[in-house]
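# Residue-level structural notes
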Amino acid sequence: MEQLKHSEESIIKLGKKLVKELNLEDSSNTLARWMSHYIAELIEKINLATSE
């Protein structure tokens, strides 16, 4: 359970970083913001799959 919580936190952190890097912080482009977080989730899944 703790690893799952850590994973969720890292996904959110990476998603926020992508939003910031893409200058979407003050944007009303919901799709772009959602895609940033979705990409972060996929990256995290890949990292977990290759590390185990």
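Every value quoted in this text rests on a predicted model; they were computed, and no experiment measured them.

Our next topic: the overall build of the chain. For the chain, the helix and strand inventory stands at two helices and zero strands. Split into buried and exposed, the 52 residues of the chain put 17% on the buried side. Summed over its atoms, the accessible surface of the chain is roughly 4,400 Å², and 57% of this surface lies on carbon and sulfur atoms.

A complete count under the given rule lists one salt bridge for this structure. Two residues, Lys45 and Glu41, come together in a salt bridge whose shortest N-O distance is 3.8 Å. Taken together, the residues span about one helical turn, with Lys45 and Glu41 both in helix H2 (residues 30-51) at a distance of four residues.

To continue, consider the packing of aromatic side chains. Inspection of the entire model under this criterion finds one aromatic pair. Relative to Tyr38, the ring of Trp34 lies with its centre 5.2 Å away and its plane at 5 degrees, an arrangement referred to as stacked. Residue Trp34 and its partner Tyr38 are both found in helix H2; the two are separated by four residues, about one turn of the helix. Looking at Tyr38, the relative accessible area reads 36%, which means it is partly exposed.

Calculation rules
- Residues numbered from 1 in each chain as written.
- Predicted model: local features only at pLDDT ≥ 70, side-chain atom pairs only at ≥ 80, totals over all residues.
- Heavy atoms only, no water.
- Helix = DSSP H or I, 4+ residues; strand = E, 2+ residues; numbered from the N terminus.
- Buried < 20%, exposed > 50% of the residue type's maximum accessible area, 1.4 Å probe, protein only.
- Areas by Shrake-Rupley, 256 points an atom, 1.4 Å probe, with all protein chains shown as cover.
- Salt bridge = Lys/Arg side-chain N within 4 Å of Asp/Glu carboxyl O.
- Phe/Tyr/Trp six-rings, centres within 6.5 Å; stacked < 30°, edge-to-face > 60°.

No statement about biological role is implied by the geometric values presented.
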